[in-house]
Amino acid sequence: MAMRLRLDHVTADYQIGPVRSPRVLREVSMSLQPGTFTAVVGPTGAGKSSLLKVLNGLLLPQSGQAEIGDITIDGKSSKRLLKAVRKRVGLVFQFPESQLFAETVEQDISFGPLNFGAHPRNVHALAEKVIAQVGLDESILYRSPFSLSGGQKRRVAIAGVLALEPEVLALDEPTAGLDPTGKEELLSLLKQWNKQNGLTILMVTHDMESVARYADDVVVMEKGRAVFHDSMRKLFEDTERLEKWQLDVPDARRFQLEFEVRSGTRLPRVCLTEDELADALIEVGRV
Ligand SMILES: Nc1ncnc2c1ncn2[C@@H]1O[C@H](COP(=O)(O)OP(=O)(O)OP(=O)(O)O)[C@@H](O)[C@H]1O
């Protein structure tokens, strides 16, 4: 059965030398269904990256617990358990390409699986599989990661996480620093893995246009709390609270609101993309 993620009253902070930081997660409870594509948004410092780290076993709850399928993590979890969680929930850090280190792309991609006990005989086929998954040619496996473009490096780094064959992919700002084409291509790949392979995706982002186009659900973090968790469409119904949470409104929705005020005509549904907006305008006979 596909794996569910659940947080139950998770509170967490960081140990900085002998002292503990202020709480970065406060009583966070949520349940993420398998196969969903969830965006995590909110102001800077709200705890979004920390949330991903808890789900991947990198930051332990100080109180409360996280359930990763049938594994429960709390403040006392063993290293063995945390390692098992790291295989289930692949975490792609911000600018993951900065962690590429090996002489060839293949060695870089193979590092994780070998570390998790994969047989050396099997890792080549695995590297071939994941390099194709991220849309790169197999020949790239034999090149130095440092000879690649920024977008290629990002994909190689993600391939390294996919090579662990995780059930959940948690990504921290995966499109940061990419040009518009690279960004669209990467988001389309994520959507494809989500829809075709049933990979559960959790993506921290500041880009509300991407949220509107790609996510099914949204979690809004504010000051260490999860203050909203519902469908993406529900999020954009009430735009006043978006301002309070310092979140942008997608262009199509902004246009819709302006149109409704000026024309006195309500469109039949919340529109989040140009296509949806065009369809709704045609439906009410205004274009
Ligand atoms: N390794 C760490 N050690 C100590 N404090 C940390 C560490 N990582 C994050 N913090 C603190 O935890 C709080 C939440 O940080 P986090 O990175 O989870 O927020 P975020 O919502 O992802 O922010 P951003 O959008 O800026 O990336 C911040 O106050 C931050 O300073």
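Predicted, not measured: the structure shown is a model, and the values here were computed from it.

### Thoughts on the overall build of the protein
Scanning the protein from N- to C-terminus turns up eleven helices and twelve strands. Against the globule reference of 19 Å for 287 residues, the protein gives a C-alpha radius of gyration of 20 Å, in line with a compact fold. With the principal axes as the frame, the protein shows a C-alpha extent of 65 × 45 × 35 Å. Taking contacts inside the protein between residues at least 6 apart in sequence as the whole, the part at least 24 apart equals 62%.

### So, the packing of helix H3 (residues 105–115) against helix H4 (residues 120–133)
A pair of packed helices is captured by two measures, namely the crossing angle of their axes and the spacing between those axes. Look at H3 against H4: their axes get within 9 Å of each other, and the N-to-C directions meet at 120°. If you check the angle between H3 and H4, you find them oblique. For the element pair H3 and H4, the recorded crossing hand is right-handed. In contact with Glu106, Ile109, Ser110, Pro113 and Leu114 of H3, H4 contributes Pro120, Val123, Leu126, Ala127 and Val130. By residue class, the composition of the contact of H3 with H4 is eight nonpolar, one polar and one charged.

### Remarks on the sheet that holds strand S7 (residues 71–73)
With respect to topology, four strands assemble into an open sheet ordered S4-S1-S6-S7, the strand pairing being antiparallel. The sheet terminates laterally at strand S4 (25–32) and S7, the two strands that pair on one side only. Geometrically, the sheet is characterised by an average inter-axis angle of 15° between neighbouring strands, direction not taken into account. Alignment of strand S1 (residues 5–12) against S4, held across five bridges, turns out to be antiparallel. Residue pairing for S4: leucine 7 is matched across the bridge by methionine 30. Each of S1, S4 and strand S6 (63–68) touches helix H1 (residues 48–55); the most contacted strand, S1, lies at about 120° to it. Each of S6 and S7 touches helix H2 (residues 79–88); the most contacted strand, S7, lies at about 115° to it.

### Examining the nonpolar core
Counting residues in each nonpolar core, the largest one holds 74 residues, and the members touching the most others are Val40, Val54, Leu55, Val130, Ala159, Ala170 and Val218. Sort the elements by how many residues they give to this core and helix H5 (residues 150–162) lands first, with six residues. Beyond its immediate chain neighbours, meaning those up to four positions away, valine 218 contacts Thr38, Ala39, Val41, Val211, Phe228, Asp230, Met232 and Leu235.

### A closer look at the sheet that holds strand S10 (residues 200–204)
On the basis of which strands lie adjacent, the open sheet formed by six strands has the order S8-S9-S10-S5-S11-S12 and mixed pairing. In this open sheet, the two edge strands, each paired with only one partner strand, are strand S8 (89–92) and strand S12 (225–231). Averaged over all pairs of adjacent strands, the angle between strand axes in this sheet comes to 15°, irrespective of strand direction. Alignment of strand S5 (residues 37–41) against S10, held across four bridges, turns out to be parallel. Each residue of the ladder has a partner; that of alanine 39, found in S10, is methionine 203.

### Considerations on the UniProt feature "domain: ABC transporter" (unreviewed entry) in the protein
In the numbering adopted here, UniProt assigns the feature "domain: ABC transporter" (unreviewed entry) to residues 5–248. In the segment residues 5–248, helix accounts for 37% and strand for 25%; the C-alpha atoms at its two ends are 28 Å apart.

Analysis parameters
- Residues numbered from 1 in each chain as written.
- Predicted model: local features only at pLDDT ≥ 70, side-chain atom pairs only at ≥ 80, totals over all residues.
- Helix = DSSP H or I, 4+ residues; strand = E, 2+ residues; numbered from the N terminus.
- Rg over C-alpha atoms; globule rule 2.2 N^0.38 Å.
- Contact = placed C-beta atoms within 7 Å.
- Axes fitted to C-alpha atoms, helices over the stretch in contact; angles between N-to-C directions.
- Parallel < 35°, antiparallel > 145°, perpendicular 65-115°, else oblique.
- Left-handed = near helix turned anticlockwise from the far one by under 90°.
- Nonpolar A, V, L, I, M, F, W, Y, C, P; charged D, E, K, R; others polar.
- Pairing = 2+ DSSP bridges.
- Core = buried A, V, L, I, M, F, W, Y, C linked by C-beta atoms within 7 Å.
- Buried ≥ 20, exposed ≤ 12 C-beta atoms within 10 Å, placed from the backbone.
- UniProt positions renumbered as here; feature names shortened; annotations may be inferred.

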